[in-house]
Amino acid sequence: MNGVAPRLALSGVTKRFPGVVANRDVAFEVQPGEIHALLGENGAGKSTLVKIIYGVLAADEGEVLWDGAPVRIANPKAARRLGIGMVFQHFSLFDALTVLENIALGMDEAMGRAELSARVDEILETYHLPLDPMREVHTLSVGERQRIEIVRSLIRTPKLLIMDEPTSVLTPQEVERLFEILRQLASEGCSILYISHKLHEIQALCERATILRGGEVVAECDPKIETAKSMAELMIGADLKEVERRAGNEAGEARMTVRGLSLPGEPPFGVDLDEVSLTVRAGEILGIAGVAGNGQNELLAALSGESLAAKAAMIRIDGTDAGRLGPGARRRLGLAAVPEERNGHGAVPEFSLADNAVLTARHRLGLVAAGFVKFAEARAYTERVIRDFSVRTTGPGASAGSLSGGNLQKFIMGREILQAPSVLVVSQPTWGVDAGAAAQIHQALVDLAAGGAAIVVISQDLDELLSLADNLAVINEGRLSAIRPVAETSIEEIGLLMGGVHGEVVEAQGDAR
Amino acid sequence: MTPEITIAILMTVVGASTPILLAALGELVVEKSGVLNLGLEGMMLIGAVAAFAVAATTGSAWLGALVAMLAGAAAALIFGVLTLTLTANQVATGLALTIFGVGVSSLVGAPFVGMTVEGLGTLFPESLADDAWGRILFGHNPLAYVSLLAVVLVVWFLNRSRAGLILRAVGESDEAAHSIGYSVIGVRYLAVLFGGAMAGLAGSCYSLVLTPLWADQLTAGRGWIALALVVFASWRPWRLFLGAYLFGGVMTLELHAKAAGLSLLEPEFLAMLPYLATIAVLTIISLRRSGARAGAPACLAKPFRASA
C-alpha cells in the first residue's frame, strides 16, 4: 500500500471444529498504532480468531503476516516473542499471591526481584496506573486486577495488544481510565485489537472495525461514521427488536421488603452483606448494579433462602416474614430465584431438563405428590417451557449440560417465569446470551412485571439495567445504595457508586407500603 | 527435675518429632501444589520396611535410608499416576495407598519380624557430645539435622525461589497456571514425588533410629498426625516445625511419665493423647471463622484436566 507494512494481516484464515466452522476465510489488517475493533456476537468466532493470532489454536488454512512477513505462531510463547500481548476476558490471576508475584509468574524468563520490581514501577509510572505491587490479589477490585494483566503485557513492550472484552466487569470510570491507557499506547505505535460487542465503546475508542458474523467477516467500517444501530444490525444480521415497555409505571403494593439485612460472607473471599434494605413492588423491576464480587451472589442467596437472615422480619414476602424460611418455603410463598451460575447452581448438568424442572417447580406446580414425582406433568411442563421460550434442545429428556449457555439460560428463565412467581430474583439474566435470546428474556421479564410480579434484576451490564429497570440501586462491598428511579439517574452517578463513592446513606426510598 | 532427665526428655522429644516433621514437610509441599495425598501413613510404612530390609541385608543403614526415599517416591508415583494422569479421586486414592502400604510393609517385613539392625547412630563423633550442651547440640540422630535443614530449605524454596512461586501458583489456581503456560500436571508430579521421598525418609526414621527392630505397623498412625499437622500449621513451614515439636513432646509424655513413676493417669490414656490432641486441634481450627481454609491452597484436592 503506502510502503509501511501492516502490523498484522490475516488472509483466508479458516478454522474448523467437529461439526462447526468457527472461522471461514477471514481476512483483515491492523496498522501500526491503530486501535482496531473486532466486533461480533457471542459465537461469531471472535475468540477463536484471537486464539489463532495468540498461538493458542492453530488455523486449518490461511496466512498470518507480521510486519509484512509470513509467520507461524505455534504457541503463546512464540506470539509473545513476536511482540503480541493479550489481556484475556478471564484473568489468569492467583488470588492468594501478591501483584508482583502474579506479574513474575506471567514472565517467560526469570527476572531478579529487584529488577522486576523496578520495571513494574516504571510501567505504573509511565501509564499512571494506580496499583500497589505488594497487595494480594484477592484484596483488589476487578479494575485493579485487569491492570495486573495489562502490566504483564506491557512488561515486554508489545507491538500488538489484544484486549478480549476488557470492559465487561469495569465501572464506567474504570472504562474511561482504560481507554486513556490504550490511546496512550496507540500513540506510542502499539497496535491494539479490541474485541467487544459494546458498540458505544467501540465508537468512542476505535478507528476501524471488522465485523464478524457466523465465523465470517461481514463488513469493515469506520465506527465513528456508522451508527450503533447499523453496526448492531450488521452484527446480528437482522433488524434489532426493541423491548416493548408498557407506558407509565404506577407502583403497586410492596411484594418484597428487606430491612437491615446483614450476613457474614463465606470465607475466605466472601463479601459481608451490610444493612441491606430494599422494597420491590408489584409491577416494578428493580435493578441492582455493581462490579462483580461486591456481594451480588451473597444477596441472591439471602433473598432466595439459601442463606438465612438473622431475624424472620428482615425479609417479608407479600406480608409474611420469610427471613428464616429456606428456599422451598419461600418458593411456596411465591418467590422464584435464578442464580448467576447456570451449571451446578441454576441447574444440575447431569440431570434431564424435566428433572431440573421438578427441582424448582415442584412446590408451586405440585409436581410431587405423596413423595412421588409426577413424571407426566413434569414432562408436560418442561415441554411448555421449551416451546414458549424457544429453547433449542432435543426434548425434555436432554441433559441440562448438553445445552449451550444461552439456551440453558432461556430454559432456566422460562422454568421460573412460567411458574408465575409473585417475586422473581434473577442474577445476570443475559450473561453470555446472544442478542436475540437476550431480547426475548428481557421481554419475558417486562411481561411478567406487567402481570403484577415484583422483579429484582442483579446485573453487571449497565445497559441492560438502564433499558429494563424502573428503579436502580448499586451494590458495593456488600452495601446497597439508596434506590432511585432510572429516569433520574445518570451513568456517572451509578459509576461513582459502583466505585464505592457513597452518597449519604439513605434508607430505601419510600415507606414500606 | 535433674539436668540429666531434662536432657533425656529433650533427646526423646527430638527423636519423636523428627519423623512427623519430615513427613509433614513433604505433605505440605504436596498440598501447596494443590494435591491432597492422604497416603502418608502408607508411604511411611513402605519407607520403613524398605529401610529395614536394605539395612538388614546389606548392613548399611545409610543405604537403607536412601532406598526408603526411593520406595516412598515409588509409592507416591502410583498415587500420582492414579490421581494426576487418570484424575481419580484423591481422597479415595490416598486412603487406598495407606491400606496398600500397610499390606506391603507386612508382607515384605514378615521375614524380619523381631530382627534388629545397626541403626543410623549419631551424626557427630561421641567426643563432641560428652557434656550437656554437647549432647543437646551434637547428640541427635542424623535425620534430626536433615529435618531441620529441610525446614529451612522448604521455607526458602516456597517463598524465595521462582520454582516455589510456580508451585504455589499451581496450587492456587490450576486454570490460571495452565493458561499462562505452566505444566500443572508436571509440577504436581514433582511435588508428589518429593512428598513420597520425604514420607519414605520419615518411615526409615522409625526402623533405623527409633526402634532398630522390625515390628508390624511400626509407624503406628503417626502419618495421620503428620497430615493433621499440615492443617494445624495453616500450610506454613515454621508453624509446622513448632507443631511437630509440640506433638513430639506430647508423644513422649507417656514414656517419661512411666519412667518418673507417675501413675496418676493410665499409660493407655497417655498413649492416646497425641491422637486426642490432633482431633482437638483440628476441631478448634475448624471452629474459628475462616480458620480451616486460611492459608489452604485454593485448588487443594481438585483434579485438573487440561482443556484446549
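Enquirer: Can you help me understand the domain arrangement of chain A in this one?
Expert: Think of interface size as the accessible area that goes away when the parts come together; that is how it is often given. What the domain assignment lists for chain A is domain 1 (8-236), domain 2 (245-334 + 421-513) and domain 3 (342-420). Of note, the centres of domain 1 of chain A and domain 3 of chain A, computed from C-alpha atoms alone, are 38 Å apart.

Enquirer: Which parts of the structure should I look at to understand the environment of Gly344(A)?
Expert: Secondary-structure assignment places Gly344(A) in the loop between β16 (335-338) and α11 (353-365). Under the relative-accessibility criterion, Gly344(A) is labelled exposed at 59%.

Enquirer: Explain helix α6 (residues 172-187) of chain A to me, please; I cannot follow it from the model alone.
Expert: An α-helical segment advances 3.6 residues per turn. Residues three or four places apart therefore align on the same side. Residue and element names in this part refer to chain A. Taking 1.5 Å of rise per residue, the 16 residues of α6 would be expected to cover 22 Å, and the 23 Å separating its terminal C-alpha atoms lies within 8% of that figure. Listed in full, the buried residues belonging to α6 are Glu174, Val175, Leu178, Phe179, Ile181, Leu182, Leu185 and Ala186. Buried residues of α6 fall within an arc of 165° about the axis and therefore sit on the same side. The elements touched by buried residues of α6 are β3 (35-39), α5 (142-154), β7 (160-164), β8 (191-196) and α7 (199-205). At the C-terminal side of α6, Gly189 shows a positive phi close to 100°.

Enquirer: So what exactly am I meant to see when it comes to the environment of Gly295(A) here?
Expert: In this fold, Gly295(A) is placed in the loop between β13 (285-289) and α9 (296-304). Along the sequence, Gly295(A) and Asp274(A) sit 21 residues apart, while their C-alpha atoms lie 9.4 Å from each other.

Enquirer: What exactly am I supposed to notice about a nonpolar patch on the surface here?
Expert: Residue and element names in this part refer to chain B. Residues Leu77, Ile78, Val81, Leu82, Leu86 and Phe100 make up a contiguous nonpolar surface patch of roughly 500 Å² in combined accessible area. In terms of residue count, helix α3 (residues 61-85) provides more of the nonpolar patch than any other element does, four residues in total. Following the sequence through the fold, Leu77 ends up in helix α3.

Enquirer: Sorry if this is basic, but what is going on with the interface of chain A and chain B here?
Expert: If you look at the interface, chain A gives 20 residues, while chain B gives 15 residues. The junction of chain A with chain B conceals about 1500 Å² of combined surface from both sides, 63% of it contributed by carbon and sulfur atoms. For the pair chain A and chain B, the number of links is one salt bridge. Here Glu101(A) makes a salt bridge to Arg168(B), at a shortest N to O gap of 3.0 Å. Our count for the contact surface shared by chain A and chain B stands at five residue pairs in polar contact (both at pLDDT 80 or more). A per-class count over the side of chain A that touches chain B returns 10 nonpolar, three polar and seven charged.

Enquirer: Could you clarify how one ought to interpret the sheet that holds strand β14 (residues 315-317) of chain A in this entry?
Expert: Backbone-to-backbone hydrogen bonds join strands into a sheet, with any given pair of strands oriented parallel or antiparallel. All names here are of chain A. Ordered by their spatial adjacency, four strands build an open sheet running β12-β11-β14-β15, and the pairing between neighbours is antiparallel. In this open sheet, the two edge strands, each paired with only one partner strand, are β12 (273-281) and β15 (320-321). The sheet contact formed by β14 and β15 spans two bridges and is antiparallel. By the bridge assignment, Ile317 is partnered in β15 with Thr320.

Enquirer: Whenever I open this one, the environment of Thr58(B) confuses me. Can you help?
Expert: Residue and element names in this part refer to chain B. Mapped onto the fold, Thr58 is located in helix α2 (residues 40-58). The partly exposed category is assigned to Thr58, whose relative accessible area is 48%. In terms of polar contacts, Thr58 uses its side chain to reach the backbone carbonyl oxygen of Val54, at 2.7 Å. Within the structure, the side chain of Thr58 is placed 3.1 Å from the backbone nitrogen of Ser60, a separation counted as a polar contact.

What counts, and where the lines are drawn
Residues numbered from 1 in each chain as written. Chains lettered and ligands numbered in written order. Predicted model: local features only at pLDDT ≥ 70, side-chain atom pairs only at ≥ 80, totals over all residues. Heavy atoms only, no water. Domains from an automatic or database assignment. Helix = DSSP H or I, 4+ residues; strand = E, 2+ residues; numbered from the N terminus. Buried < 20%, exposed > 50% of the residue type's maximum accessible area, 1.4 Å probe, protein only. Expected span 1.5 Å × (residues − 1). Arc of directions from axis to C-beta. Contact = heavy atoms within 4.5 Å. Patch = residues over 30% accessible without salt bridge, like charges linked within 9 Å, V, L, I, M, F, W, Y side chains within 5 Å. Areas by Shrake-Rupley, 256 points an atom, 1.4 Å probe, with all protein chains shown as cover. Salt bridge = Lys/Arg side-chain N within 4 Å of Asp/Glu carboxyl O. Buried area = accessible area lost by both parts, 1.4 Å probe. Polar contact = N/O pair within 3.5 Å; in protein donor to acceptor, adjacent residues only side chain to side chain. Nonpolar A, V, L, I, M, F, W, Y, C, P; charged D, E, K, R; others polar. Pairing = 2+ DSSP bridges.

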